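# Summary of structural features
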Amino acid sequence: MVLSGRYTLQRLIGVGGMGSTVWLAQQTHIERPVAVKLLPPGQEIPMRRFEREARIASNLRHPHIVTIYDYGPTDDGKLFLVMEYLEGQTLEQVLRTNPALPPDRAMHITVQVLRALSHAHSKRVVHRDLKPSNLFLAPTDDDRDYIKVLDFGLAKYFADDDVQ
């Protein structure tokens, strides 16, 4: 399946909430691997959340927040969100095999998450669904615990009058 003439879906890599699926895809013209989240047509609330995730996350640019490249509808009424493809595992997966992380490792992960949240808050965004399954460890050459915060589907912008 090719989306918008630009993204060739290759294989299913995950299943999310609201009936969404996540696919490894190839951005055809530049041959870049990407992750494509697809939401089937139908229910209004999941579609609004999906659109909110696209709008909010695409405006957050931080090394520890997943990068959003594109968003739109397919010809058959599905919505898609294209983001950077990450290799690694969620913190939830790590904790299943190692429920007690050493303090220095836990602190390293926590600091990165706090930096990402600080950036989001500076843009007046609250994540509202922070949990181990939304924290992705994407190892780099020098950091096995490099964190990316995922899934801004429940995120919310807040205004000055919302702050107490």
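Refer to the structure above for everything that follows.
Residues numbered from 1 in each chain as written. Predicted model: local features only at pLDDT ≥ 70, side-chain atom pairs only at ≥ 80, totals over all residues. Heavy atoms only, no water.

### Topic: the overall build of the protein
Check the secondary structure of the protein and you find 3 helices and 11 strands. Scaling as 2.2 N^0.38, a compact globule of 164 residues should have a C-alpha radius of gyration of about 15 Å, and the protein matches this with 16 Å. When its C-alpha atoms are laid out on the principal axes, the protein stretches across 50 × 45 × 30 Å. Looking at the protein as a whole, 40% of its 164 residues are labelled buried. Taking contacts inside the protein between residues at least 6 apart in sequence as the whole, the part at least 24 apart equals 56%. (Helix = DSSP H or I, 4+ residues; strand = E, 2+ residues; numbered from the N terminus. Rg over C-alpha atoms; globule rule 2.2 N^0.38 Å. Buried < 20%, exposed > 50% of the residue type's maximum accessible area, 1.4 Å probe, protein only. Contact = heavy atoms within 4.5 Å.)

### A closer look at the sheet that holds strand β7 (residues 89–90)
Strands sit in the order β7-β9-β10 across an open sheet of 3 strands; the sheet is antiparallel. The open sheet is flanked by β7 and β10 (147–149), the only strands paired with a single partner. The sheet contact formed by strand β9 (residues 135–137) and β10 spans 3 bridges and is antiparallel. The residue bridging L135 from the neighbouring strand is V149, located in β10. Strand contacts of helix α3 (residues 103–122): β9 and β10, with the helix running at about 40 degrees to β10, the strand carrying the most contacts. (Pairing = 2+ DSSP bridges. Axes fitted to C-alpha atoms, helices over the stretch in contact; angles between N-to-C directions.)

### Re α3
Over its 20 residues, α3 runs 28 Å from end to end, which matches the ideal 28 Å to within 8%, given 1.5 Å per residue. For α3, the set of buried residues is R105, I109, Q112, V113, A116, L117, H119 and A120. End-on, the buried residues of α3 take up no more than an arc of 155 degrees, which puts them together on one face. Facing away from the buried side of α3 by over 90 degrees, the exposed positions are P103, D104, M107, L114, R115 and S122. Turning to α3, the residues buried within the fold contact α2 (91–97), β8 (125–126), β9 and β10. (Expected span 1.5 Å × (residues − 1). Arc of directions from axis to C-beta.)

### A word on the pattern of salt bridges
Between side chains of opposite charge, a pair can form when the charged atoms approach closely. Counting across every chain of the model gives 9 salt bridges. When the shortest N-O distance is used, the salt bridge between R6 and D70 registers 2.3 Å. Note that R6 is positioned in the loop between β1 (2–3) and β2 (7–15) and D70 in strand β5 (residues 68–73), a separation of 64 residues in sequence. What makes R6 partly exposed here is its relative accessible area of 32%. Overall, D70 belongs to the buried group, its relative accessible area being 17%. Taken together, the shared-partner salt bridges connect K37, E53 and D151 into one network. (Salt bridge = Lys/Arg side-chain N within 4 Å of Asp/Glu carboxyl O.)

Don't take any of this as a statement about function, it's just geometry.
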